[in-house]
Amino acid sequence: MWALSSLSFILVVYLIGDLYYRDNSEQRISAKISAGFFLLLGIFEIVSIPLMFFHLNYYLVYFLCVVMIVGVLFFWIKSFKKPKKEFIVLKPDNWLILSACIILGQILVYIICTISDADDSFYLSIISDAILGNPVLSYDTTTGIKSFKFQETYSLGGYELLLAFFCRTFRINPAAFCHTYLPIVLIIVQYCVIYELICFLSDKNRNLLLCIFAFFNCMGGYSVYSRAYFFATRLWQGKGVYVCIVLPFLMLQLLKMINIDKFDKKYLFLLCVILYASYATTAVAIYLTPFFYFALAITVCILNRKKLCLEMLVIPGIVSIPFVFLKFILLHRNYYIVTRQEGTITGNEYWYLLKRSNGDGIYYIIYFIAILIIMIWGKEKVKKMFLLIPIVELVSFINPFLCDWIGNNLTGKETYWRIFWLIPVDITILYAVACMLEKAIKKCLIIIPTLVITLLVGRFSYTGNKFKMAENSEKLHDSIIKIVDILPKGSAILLPEEYYCELRQYTGDILLTWSRYMEVNYNLNGEQQKYEDLLSALSSIYEDNDYNCIKVIKDELPMDYIGVYTNSVTDYLKSNYDQIYSDDDITVFGLTK
């Protein structure tokens with residue numbers, strides 16, 4: 001079933017892309033998969049906005065997905081005709097074979113390894129809750145407690161709801177789908193996007209450049225902020241999709257605009273859909289996408305001063321204004337004001353984050369050298385675009401003199417560093433390598449130094465405690481799965497942190513008494529002091545083994561069971577509560593005795 005879910009996802013994406021390019025000379029499969037992915041996600045986001053805004057039942061969203069997929073199949077079959085010319089396919093050579101081996105290795109890591117990330121407790125809980133048919137994005141899904149409000153900063157994001165469609169259709173556990181099977185699809189989509197970008201920049205050495213980029217992806221461990229590290233550790237998350245897939249594809253589309261000479265409605269539609277697809281993936285897209293689009297659009301207008309070019313750039317921005325306006329209303333209504341961090345982003349913090357985002361700044365030195373190489377050997381308009389993009393960004397939203405205002409009013413201090421994703425470091429370096437390869441007498445004189453420098457300044461991504469052999473396809477503790485099988489539906493349990501981050505990833509049928517987002521929940525309700533009292537009681541339970549504090553939490557929150565570390569079980573627990581589960585790590589007691 002898991003193979004069927006991944007194949008179906010790719011097939012739907014391909015069919016949508018094939019419909020888009022049906023009357024176009026572009027026949028590359030990679031182009032169809034790339035465009036199809038954004039059309040599926042973007043159109044779904046657009047049509048589901050009312051359902052998310054009014055918190056309607058997920059079955060309506062599911063029905064909407066079914067209609068979309070059936071419609072795609074209907075129109076594809078209706079318009080099918082034998083291609084007038086053969087598909088443009090990848091030309092196999094040794095570099096392509098090597099690329100395929102590296103990519104296969106990256107896929108295998110996602111299949112056989114557990115790559116833990118605490119943020120999954122939020123994103124997967126949305127899917128787990130949705131497939132039960134509950135109102136979408138209406139309450140805190142990390143606990144399932146309906147008296148807590150949903151965090152408005154994540155409202156109107158349809159990415160997880162689209163994933164819920166595939167989980168429910170193929171009866172796959174959300175944790176298994178997202179941790180094991182979805183990355184297969186997303187890795188393929190990412191390399192299709194990068195392949196299309198490479199073909200635009202340098203078609204001559206496309207297979208070699210794809211191999212080099214795959215190698216870049218393996219060496220992203222130099223910073224937990226880097227795009228390559230997100231690719232290796234959390235690609236399935238919306239922010240991983242955003243930085244690894246959305247930003248390169250958006251850049252590709254606007255690179256094409258520098259040579260456009262006629263008004264293209266289909267291309268204009270694709271630009272609009274890309275913007276909405278970006279908003280669907282992650283909350284930070286609400287400011288990152290306008291920033292990046294602005295920088296790219298200004299650059300394109302400088303290089304292509306035709307009126308039609310300006311019109312095609314302005315229209316997508318106008319089309320996305322209603323969503324941006326609605327999102328900012330929601331942000332300022334609740335969550336954004338309540339939880340915005342106090343303090344300022346100082347100049348020292350700005351430069352620290354700038355350096356940390358790309359390996360203590362060493363990659364920015366390489367980036368600067370790459371721009372110089374591009375200015376010497378790059379294509380006329382393309383090289384100007386690679387030069388102008390960072391200039392426009394530094395003058396505007398990455399300006400160190402504006403960092404405090406932008407951090408306090410738009411991005412928030414905690415996530416300000418993500419603004420540095422918008423500097424196209426790796427793509428610029430890749431294009432510089434492409435320029436040198438086209439001029440080199442022997443390619444090995446470019447390839448070997450490129451690989452050596454990458455090895456020296458980079459760091460292998462697939463090392464450390466983040467990667468370990470998976471116990472199951474869900475990539476969760478076996479104990480969690482066994483505990484869920486024992487607990488009755490609708491019951492609530494209190495667990496230690498490493499376990500409560502996983503339970504609602506696996507199922508939405510069980511409520512969590514406490515999650516890592518409880519401070520936000522109580523802030524939204526204006527009950528900070530109550531949160532502090534409960535946190536103190538929680539610390540007493542799990543740090544001091546003072547189980548008399550169970551009553552404090554049980555009086556305030558739904559709580560039918562408690563899980564404690566097995567080595568901290570006391571006679572008090574044994575004599576006052578019924579033990580229902582125990583293993584070497586955790587023991588669960590019922591509180592109804």
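Because the structure is a prediction, the values reported are computed rather than measured.

The rules we used
Residues numbered from 1 in each chain as written. Predicted model: local features only at pLDDT ≥ 70, side-chain atom pairs only at ≥ 80, totals over all residues. Heavy atoms only, no water. Helix = DSSP H or I, 4+ residues; strand = E, 2+ residues; numbered from the N terminus. Buried < 20%, exposed > 50% of the residue type's maximum accessible area, 1.4 Å probe, protein only. Contact = heavy atoms within 4.5 Å. Areas by Shrake-Rupley, 256 points an atom, 1.4 Å probe, with all protein chains shown as cover. Lys, Arg positive; Asp, Glu negative; His and termini not counted. Charge placed at Lys NZ, Arg CZ, Asp CG, Glu CD. Pairing = 2+ DSSP bridges. Expected span 1.5 Å × (residues − 1). Arc of directions from axis to C-beta. Salt bridge = Lys/Arg side-chain N within 4 Å of Asp/Glu carboxyl O. Polar contact = N/O pair within 3.5 Å; in protein donor to acceptor, adjacent residues only side chain to side chain. Phe/Tyr/Trp six-rings, centres within 6.5 Å; stacked < 30°, edge-to-face > 60°. Lys NZ or Arg CZ within 6 Å of the ring centre and 35° of its normal. Axes fitted to C-alpha atoms, helices over the stretch in contact; angles between N-to-C directions. Parallel < 35°, antiparallel > 145°, perpendicular 65-115°, else oblique. Nonpolar A, V, L, I, M, F, W, Y, C, P; charged D, E, K, R; others polar. Patch = residues over 30% accessible without salt bridge, like charges linked within 9 Å, V, L, I, M, F, W, Y side chains within 5 Å. Left-handed = near helix turned anticlockwise from the far one by under 90°.

What to know about the overall build of the protein
When you go through the protein residue by residue, the secondary structure sums to 26 helices and 7 strands. Taken along the three principal axes of its C-alpha coordinates, the protein extends 80 × 60 × 45 Å. Here the protein, with 593 residues, has 61% of them falling under the buried criterion. Long-range contacts, defined as pairs at least 24 residues apart, comprise 74% of the intrachain contacts of the protein with a sequence gap of at least 6. Of the accessible surface of the protein, which amounts to about 24600 Å², a share of 62% is contributed by carbon and sulfur atoms. Here the protein carries 52 positive and 50 negative side-chain charges, and the mean point of each set is 14 Å from the other.

Observations concerning the sheet that holds strand E5 (residues 561-565)
In space, the 5 strands of this open sheet follow the order E4-E3-E5-E7-E6, with mixed pairing throughout. Two strands lie at the open edges of the sheet, namely strand E4 (511-512) and strand E6 (578-582), each paired on one side alone. Two strands pair when backbone bridges link them, and strand E3 (residues 492-494) and E4 are joined in this way by 2 bridges, in the parallel orientation. By the bridge assignment, Ala 492 is partnered in E4 with Leu 511.

Digging into helix H4 (residues 94-112)
Given a rise of 1.5 Å per residue, 19 residues ought to cover 27 Å, and the 27 Å separating the end C-alpha atoms of H4 matches this to within 8%. For H4, every residue scored as buried is listed here: Leu 96, Ser 99, Ile 102, Ile 103, Gln 106, Ile 107, Val 109 and Tyr 110. The buried residues of H4 all sit within an arc of 150° when viewed along its axis, so they share a single face. Facing away from the buried side of H4, by more than 90 degrees, are the exposed residues Asn 94 and Ile 97. Considering only its buried residues, H4 is in contact with strand E1 (113-115), helix H7 (174-201), helix H8 (206-218), helix H9 (227-233) and strand E2 (467-469).

Here's the deal with the pattern of salt bridges
Counted under the stated rule, the structure contains 14 salt bridges. Between Asp 119 and Lys 239 there is a salt bridge, with the nearest N and O atoms lying 2.6 Å from each other. Taken together, the residues span a long stretch of sequence, with Asp 119 in the loop between E1 and helix H5 (120-130) and Lys 239 in helix H10 (residues 238-256) at a distance of 120 residues. Among the residues examined, Lys 239 registers a relative accessible area of 3% and is labelled buried. A salt bridge links Glu 556 to Lys 530, with the nearest nitrogen and oxygen atoms 3.7 Å apart. Remark: Lys 530 occurs in helix H24 (residues 528-544) and Glu 556 occurs in helix H25 (residues 550-556); sequence separation between them is 26 residues. On the basis of relative accessible area, Lys 530 is assigned to the partly exposed category, the value being 31%. By sharing partners, the salt bridges in this structure join Asp 18, Arg 22 and Lys 32 into a single network.

Re H7
With 28 residues, H7 should cover 40 Å at 1.5 Å per step; its first-to-last C-alpha distance of 38 Å lies within 8% of that length. The buried fraction of H7 amounts to 27 of the 28 residues, a majority that puts the element mostly inside the structure. Taking the backbone nitrogen of Ala 175 as reference, a side-chain oxygen 2.9 Å away marks Asn 173 as the first, capping residue of H7.

Comments concerning the packing of aromatic side chains
Applying the stated criterion across every chain yields a total of 39 aromatic pairs. Pairing Tyr 279 with Phe 323 gives two aromatic rings, centres 4.9 Å apart and planes at 15°, and the pair type is stacked. Taken as a pair, Tyr 279 in helix H11 (residues 265-281) and Phe 323 in helix H13 (residues 307-333) lie far apart in primary sequence, 44 residues in all. With a centroid separation of 5.9 Å and 90° between ring planes, the pair formed by Tyr 416 and Phe 420 is classed as edge-to-face. Under the relative-accessibility criterion, Phe 420 is labelled buried at 2%. Members of the aromatic cluster, connected to one another through ring pairs, are Phe 9, Tyr 58, Tyr 62, Phe 165, Phe 166 and Phe 177. A cation over a ring is seen here: Arg 234 above Phe 230, with NZ or CZ 4.6 Å from the ring centre. Between Lys 266 and the ring centre of Tyr 20, over which it is positioned, the NZ or CZ distance is 4.8 Å.

Side note on the packing of helix H2 (residues 29-53) against helix H6 (residues 159-169)
Their axes nearest at 9 Å, the elements H2 and H6 cross at an angle of 105°. Our classification of the angle between H2 and H6 gives roughly perpendicular. Across from Leu 40, Leu 41, Phe 44 and Met 52 in H2, the residues of H6 making contact are Tyr 159, Leu 161 and Leu 162. Among the residues making up the contact of H2 with H6, the classes are represented as 7 nonpolar, no polar and no charged.

Here's the deal with a nonpolar patch on the surface
The grouping of Leu 310, Val 314, Ile 318, Ile 321, Phe 325 and Ile 329 at the surface amounts to a nonpolar patch, some 570 Å² of accessible area in total. When you line up the elements, Val 314 lands in helix H13.

Observations concerning the environment of Ile 77
Of note, Ile 77 is situated in helix H3 (residues 58-79). For Ile 77, a relative accessible area of 60% puts it in the exposed group. Between the C-alpha atom of Ile 77 and that of Leu 209, which follows or precedes it by 132 residues, the distance is 36 Å.

Considerations on the pairing of E6
Judged from the 4 bridges that link them, E6 and strand E7 (residues 586-590) form a sheet pairing that is antiparallel. Its bridge partner being in E7, Gln 579 is matched across the sheet by Phe 589. The antiparallel pairing of E6 with E7 creates a hairpin that spans 3 residues between the two strands.

Concerning a negative patch on the surface
Side chains of Glu 471, Glu 497, Glu 498, Asp 584 and Asp 585 sit close together on the surface and give a patch of like negative charge. Within the element layout of this structure, Glu 471 appears in the loop between E2 and helix H21 (478-486).

A look at the packing of helix H16 (residues 362-377) against helix H17 (residues 380-395)
Where H16 contacts H17, the two axes come as close as 8 Å, and the packing angle between them is 145°. Helix-helix and strand crossings are classified by hand; for H16 and H17 the assignment is left-handed. Of H17, the residues touching H16 (which contributes Tyr 367, Ile 371, Ile 374 and Met 375) are Lys 383, Phe 386, Leu 387 and Pro 390. Here the residues of the contact of H16 with H17 sort into 7 nonpolar, no polar and 1 charged.

Observations regarding unusual backbone geometry
The phi angle at His 55 is positive, at roughly 55°, despite the residue not being glycine. Counting through the fold element by element, His 55 comes out in the loop between H2 and H3. Overall, the relative accessible area of 31% leaves His 55 in the partly exposed class. At Asn 545, a position not held by glycine, the phi torsion is positive, near 55°.

Description of the side chain of Thr 415
Tracing the backbone through its elements, the reader meets Thr 415 in the loop between helix H18 (403-411) and helix H19 (425-439). Here Tyr 287 takes part through its side chain, which lies 3.3 Å from a polar atom of the side chain of Thr 415.

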